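An overview of the molecular structure
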Amino acid sequence: MSVWEYANPRRFMAVSARLLPWVAGAAALLCAAGLTWGLFFTPEDFRMGHSVKIIYIHVPSAFVAINAWFMMLVASLIWLVRRHHVSALAARAAAPIGLVMTLVALLTGAIWGKPMWGTYWAWDPRLTAFLILGLFYLGYIALWSAIEAQDAAADLTSILCLVGTVFAVLSRYAAQFWNQGLHQGASLSLDAEENISDVFWQPLVLSIAGFTLLFLALVLLRTRTEIRRRRLHSLSLKARLA
Amino acid sequence: MPERPDGFKGIPWYADDPLPHPDALRIKDGMDRVVSELTCCRGEAIVLEGVSFALRGGRALVLRGPNGAGKTTLLRTLAGLTPPVSGAMPDPEGAAYAGHADGLKAQLTVAENLAFWAAIFGTGPAEVEGAIRGFDLAPLRERRAAELSAGQKRRAGLARLLVTGRDLWLLDEPTVSLDRTAVNRFACVMRGHLDAGGAAILATHIDLGIEADELDVAAFAAKREATLRDPFAEAVE
Amino acid sequence: MPERPDGFKGIPWYADDPLPHPDALRIKDGMDRVVSELTCCRGEAIVLEGVSFALRGGRALVLRGPNGAGKTTLLRTLAGLTPPVSGAMPDPEGAAYAGHADGLKAQLTVAENLAFWAAIFGTGPAEVEGAIRGFDLAPLRERRAAELSAGQKRRAGLARLLVTGRDLWLLDEPTVSLDRTAVNRFACVMRGHLDAGGAAILATHIDLGIEADELDVAAFAAKREATLRDPFAEAVE
Amino acid sequence: MSALLLRDLRLAVRAGGGFGLGLVFFLILATLVPLAVGPRPDLLAPVAPGILWLGALLACLLSLDRIFALDAEDGSLDLLATAPLPLAGVATTKALAHWVTTGLPLALAAGPLSLLLFLPPGALPWLLLALLLGTPALSWLGTFGAALTVGLRRGSLLLSLLVLPLYIPTLVFGAEVVRRGAAGLPVATPLALLAAITLGCVALLPFATAAALRVNLR
Amino acid sequence: MSALLLRDLRLAVRAGGGFGLGLVFFLILATLVPLAVGPRPDLLAPVAPGILWLGALLACLLSLDRIFALDAEDGSLDLLATAPLPLAGVATTKALAHWVTTGLPLALAAGPLSLLLFLPPGALPWLLLALLLGTPALSWLGTFGAALTVGLRRGSLLLSLLVLPLYIPTLVFGAEVVRRGAAGLPVATPLALLAAITLGCVALLPFATAAALRVNLR
Ligand code: HEM
Ligand SMILES: Nc1ncnc2c1ncn2[C@@H]1O[C@H](COP(=O)(O)OP(=O)(O)OP(=O)(O)O)[C@@H](O)[C@H]1O
Ligand SMILES: Nc1ncnc2c1ncn2[C@@H]1O[C@H](COP(=O)(O)OP(=O)(O)OP(=O)(O)O)[C@@H](O)[C@H]1O
Ligand SMILES: [Mg+2]
Ligand SMILES: [Mg+2]
């Protein structure tokens, strides 16, 4: 049996219904484990004090926010090439989750920024690229909701997702280039894992895995919702046209 | 290409050629243009099912049917603007479409408008002059399209057909707003087009005074239960 | 008010009331509506001169004339949209105008569109229901206007007339795109309106099957030398 | 009148996110400015009040062409002009609908966005107040401009040329309120002037708008 | 193709100052910024490159809705789609016409306007070069956005939401060229990146635009 069989709507509904509790359960378990471990059983950082604990929400949400876009890209490509409706709706379902994750990362970052950098916001290249990603999410969602005909909306948003990906990546490089060009002092953001000792690292990996599963569960759930919404759309259209 | 699970067999959107349909039929003049088992949709609704007819070169076909029967839908499909859901139809490359909007630019004169379409369709000044003569547009040739009355505008829009040099005309209510003289002129031009081996499909509610076959579109109305492409009909009850 | 040097005696542009014409005639139902020596312009051109006729309540007047004769121009003037250059005409406050554009919002349903115009013209749900019945719109009432065919849209546009509650209807080619049934329905509604003491002026090229007076607009075509208001004709030769 | 207002709001919602779009545009602009100008807070903070006001103004500008052009296209404007409403009332309603869908959400959302441009937190209440007081003037002036250009197809660039100069006093006083607020100076004078401009616009402009509409319907 | 280009240019001229409008908008914006920000050269000079680029970008944005919407309204787009031109060619021509009427005059006029914002004279050639290299990308991206929204009536705010984020790399590199030019630093890298973006847009985007148009014609 080909893997595409799972894109058959009925099959998808059946399989996702069975899968959802397991994924959701695993997500809850991992998140709870990672967060409790991180928040309560790690030492305070000698530089950042208590505020280091926000990392267990900040980094996973940022990670998910970025990867949600790539999931949308893949789903859009599948829709364009093979025209599986479930795929189009999965992309649509992922967008608001990605946006919320972006917001969570921005907010936790801002809250963290206050004690660390003395400001809620700085035009650090990484933060900037992240904000731009948020803008792409907004445009994508706005286009979906502006177009009445569902297949046309799926086509157009998929094209936008393709083009948008290229420009989101370009923007990331542009942002790095832009800030470097100003000879501002060293980048404020903590760089890479080597700064973080294992004590912080292990629970972090755990909560990243938890957030990823959470994203998966939410996408499944929202795709199911989108499928029902689409069906509702069809039914009300049918009622109107009858 | 594997069979698509959701039953959608339409044209992929990304095809640049409007209708690279595997069984598209490109038929030479004087031969039949065959439309068979065509299913047409409008917006998200399926409007017509199983449309089949043949059109001989040199003949006109009048689409009949009450308001909302699907005449416009069929014409837009045949023109290659809306991809058909399924079925075979002649290659729209050979067709010229004239709908409710005339495609005239308000700021350009009638002559400029026609010359533009001539350039786009690769014909020349001779065709433009022919079109102006055919629809008696000489007194209006230097008028901006914005300064035309409804019927004059429609005449200029129809003149565009002669400028395309195509041999299948798809006309959606061509005589709207035309007075009696202009309708006669249009019938004349149409007869000339048919005599030269061209063909035409027209949707109209009134009698044009040209000999033509008729097709009642209402006979192909999609069944109630099939009016929508609903990929999730089975998945969610 | 001093006589204007250029002979323009129209409505000052800044008047909020569309036609506070000194000799405007507001005439009660059943009485004659008199149009006398009306000069009408379109854009910067004077199209009609000396239009005079009387319209009895309960009667319809059909404007005839070839394309470009000035039917639309006359109707827009009578509706108060274009001020007349000179002459007397009834107060447009009592008139409802229906032109080529239907005034329907694509995103609203037929019922919502009609309810909106009812609210604007100060009538109520009773009129909306009457209009929906009158033009057989019940099956379409929950459709968005964007999802209607040309003829269905036109029917909804005409239904608006019933909702205005006004007694003089000014109709510019009302039956465009309508099929035979719908034309008959329209004729019925029109007869009802006339029997109730209303009046109507229609421009059309086809026969509607209602008893009506006719007026050939071409008879009032402006003379060649008067087709333009040119205030500097004498100042600069 | 309320029927017209309701219809316009309903159309804004049905046409897809009428209320939110202005906000997102504002957000994008607040992102673009640092990207264009450079990320240094010392450069951004002093220009923040002006840029925030400019953003509000441009978000207004981009939504102006919706006000009358759609109605003119589908014939609704002809019909409204022959309806028993005074045309000045129509103009007022249109401006109000525009403000509710654009100016009001903008004013409410400016606070969080001002963080991006390092506006001093002390200036925030003044920003909110200035925008609430000033954006109606932007909507009414914009409606006037839209009425002037309704006959021209797709005149959005011309429209902005006509309207932007009219926006100048509002912009100057509005930005001044915020700048003074940020510096802790008294703001009463520019605030009063701002309020006066808005009141004048709301009271008088609809008549000019109605006159312009009537000319364009001819 | 050249017929389409010529028609679009002629329409731009006939519809009233097609070429000039973008410029005047740019001029107004260059006037508004000092009014909003305060007239101090020490404040304005450092932000001038960014503001000039932002102005160019907004002038582009405001003229985008003309690209396809008018053609869609009067039926020309249907007819163009059935004509023997490839739709990607139509997209390219439309973008080119937009650039000639908006981007090119903007690039040429930015020099004198930069005086209003106290841009250092040394940066002038770089401003010109950067605009000449970068504005085509703006036009091609804008055409893509216009094709996405052509089915929506009057979607100019939505259009700007979709297009502005796409403009960011061009804006950043373009402004960077000018800033570096003003500071006397080497500009080769951002200039090369700017050119690369423009080339990529011109070469690839018309296909995406054509695809979007085809979906919207359905
Ligand atoms: C609004 C402000 C902020 C935003 C938008 C933001 C965004 C991001 C993003 C996008 C990542 C990358 C995640 C990934 O690639 O998996 C990240 C990682 C990280 N951020 Fe933030 N951040 C912000 C503020 C802060 C602050 C204030 C700190 C602490 C000083 C901080 C510390 C970190 C650390 C330690 C990582 C993980 C290291 C890594 O994966 O490279 N961030 N943040
Ligand atoms: N966007 C749409 N979505 C769904 N249904 C639509 C849409 N547009 C039109 N329809 C419906 O499709 C059917 C066919 O419409 P079409 O315009 O083809 O009819 P027609 O035969 O041309 O009618 P007319 O004589 O009135 O022009 C109609 O019932 C119409 O209501
Ligand atoms: N903007 C304009 N400027 C100058 N002349 C115009 C303008 N618009 C129309 N005309 C001319 O005015 C005359 C009257 O036009 P009008 O639209 O009233 O004719 P009509 O009788 O309604 O014709 P039809 O039957 O074609 O609708 C026509 O000759 C037309 O060319
Ligand atoms: Mg039709
Ligand atoms: Mg007419």
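Above: the structure in question.
Residues numbered from 1 in each chain as written. Chains lettered and ligands numbered in written order. Predicted model: local features only at pLDDT ≥ 70, side-chain atom pairs only at ≥ 80, totals over all residues. Heavy atoms only, no water.

**What about the pattern of salt bridges?**
Rule in force here: When a carboxyl oxygen of Asp or Glu lies within 4 Å of a side-chain nitrogen of Lys or Arg, that pair is called a salt bridge. Working definition: helices are DSSP H or I runs of at least four residues, strands are E runs of at least two. Numbering for both runs from the N terminus.
In the structure shown here, the tally under the stated rule is 40 salt bridges over all chains. A salt bridge links Glu226(A) to Arg92(A), with the nearest nitrogen and oxygen atoms 3.6 Å apart. One end of the pair, Glu226(A), is in helix α6 (residues 198-241); the other, Arg92(A), is in helix α3 (residues 85-117), with 134 residues separating them in the sequence. Three or more residues joined by partner-sharing salt bridges are found here, namely Lys105(B), Arg7(E), Asp8(E), Asp71(E), Asp74(E) and Lys94(E).

**Let's talk about the interface of chain D and chain C**
Selection rule: Any pair of residues with heavy atoms lying within 4.5 Å of one another is described as a contacting pair. Defined in terms of a 1.4 Å probe, buried area is the accessible area two parts forfeit on being brought together, summed over both. Here a polar contact means two N or O atoms within 3.5 Å. Within protein one must be a hydrogen donor candidate and the other an acceptor candidate, and residues neighboring in sequence count only if both atoms are side-chain atoms.
On the chain C side, the residues contacting the 30 residues of chain D number 28 residues. Of the roughly 2,600 Å² buried where chain D meets chain C, counting both sides, 62% is carbon and sulfur surface. Across the chain D-chain C interface, the total number found is 4 salt bridges. As a salt-bridge pair, Arg10(D) and Glu112(C) come within 3.6 Å of each other at their nearest N and O atoms. Counting across the interface, chain D meets chain C through 6 residue pairs in polar contact (both at pLDDT 80 or more). For the side of chain D that touches chain C, the secondary structure elements donating two or more residues are α1 (2-14), α4 (66-73), α5 (76-82), α6 (87-114) and α9 (188-217) of chain D.

**What to know about the site of ligand 3**
Under the convention used in this document: Here a residue counts as near a molecule or strand whenever at least one of its heavy atoms sits within 4 Å of it. Shrake-Rupley sampling with a 1.4 Å probe provides the accessible areas, and residues are treated as covered by the protein chains on show and by no other component. Residue type decides the class: Asp, Glu, Lys and Arg count as charged, Ala, Val, Leu, Ile, Met, Phe, Trp, Tyr, Cys and Pro as nonpolar, and the leftover types, Gly among them, as polar.
Surrounding ligand 3, one finds 19 residues, the nearest of these being Arg143(B), Ser149(B), Gly151(B), Thr72(C) and Thr73(C). Near ligand 3, the surrounding residues belong to chains B and C. One of the side-chain N or O atoms of Asn67(C) is found 3.0 Å from an oxygen atom in ligand 3. A distance of 2.5 Å is found between an oxygen atom of ligand 3 and a side-chain nitrogen or oxygen belonging to Thr73(C). In the complex, 89% of the free accessible area of ligand 3, which totals 640 Å², lies under the protein chains. The set of elements that each furnish at least two residues to the shell around ligand 3 consists of α4 (150-164) of chain B together with β2 (45-56) and α1 (71-78) of chain C. Residues belonging to the shell around ligand 3 are distributed by class as follows: 5 nonpolar, 9 polar and 5 charged.

**Here we look at the sheet that holds strand β4 (residues 86-88) of chain B**
Residue and element names in this part refer to chain B. Convention followed: Any two strands between which DSSP finds at least two bridges are classified as paired. Orientation is described by lines fitted to C-alpha atoms, with helices fitted over the stretch in contact, and by angles between N-to-C directions that extend from 0 to 180 degrees.
Strand order in the open sheet formed by 3 strands is β2-β1-β4, and the pairing between neighbours is antiparallel. If you trace the sheet from one side to the other, it starts and ends with β2 (45-55) and β4, each paired once. Pairs of neighbouring strands in the sheet enclose a mean axial angle of 20 degrees, with direction left out of account. Sheet analysis places strand β1 (residues 33-42) next to β2, joined by 7 bridges and oriented antiparallel. Within the sheet, the bridge partner assigned to Cys-41 lies in β2 and is Ile-46.

**Side note on the interface of chain E and chain D**
Of the residues lining the interface, 43 residues belong to chain E; the matching set on chain D comes to 43 residues. In this structure, the connection of chain E to chain D is made through 2 residue pairs in polar contact (both at pLDDT 80 or more). Those elements giving two or more residues to the side of chain E that touches chain D turn out to be α2 (18-37), α3 (41-63), α4 (66-73) and α8 (156-183) of chain E. Partitioned by chemical class, the residues of the side of chain E that touches chain D number 31 nonpolar, 6 polar and 6 charged.

**Let's talk about the environment of Ser156(E)**
Residues and elements named next belong to chain E. We apply this condition: A simple rule labels every residue: compare its accessible area, found with a 1.4 Å probe on the protein chains alone, to the largest value its type can have, and call it buried under 20%, exposed over 50%, or partly exposed in between.
Looking at the element boundaries, Ser-156 is found in helix α8. Looking at Ser-156, the relative accessible area reads 8%, which means it is buried. Taking the C-alpha atoms as reference, Ser-156 lies 20 Å from Pro-136; in sequence the two are 20 residues apart.

**What about the sheet that holds strand β7 (residues 199-203) of chain C?**
Residues and elements named next belong to chain C. Read across the open sheet, the 5 strands follow the order β5-β6-β7-β3-β8; overall the sheet is parallel. With partners counted over all chains shown, the strands left at the sheet margins are β5 (95-98) and β8 (213-216), one partner each. Between one strand and the next, the sheet's axes are offset by a mean angle of 15 degrees, whatever the strand orientation. Contacts between helix α4 (residues 150-164) and the sheet are confined to β5 and β6 (168-172), with β5 contributing the most and set at about 175 degrees to the helix.

**Quick notes on the pairing of β6(C)**
All names here are of chain C. Heads up, the rule is: For crossovers, right-handed means that the path from the first strand over the helix to the second runs clockwise, given strands pointing away from the viewer.
Where burial is concerned, most of β6 is hidden: 5 out of the 5 residues are buried. Burial along β6 is two-sided: the residues Leu-168, Leu-170 and Asp-172 and Trp-169 and Leu-171 are all buried. As paired strands, β6 and β7 are joined by 5 bridges and run parallel to one another. Residue pairing for β7: Leu-171 is matched across the bridge by Leu-202. Since β6 and β7 lie parallel, the crossover through helix α5 (residues 180-195) that links them has a hand, and here it is right-handed.

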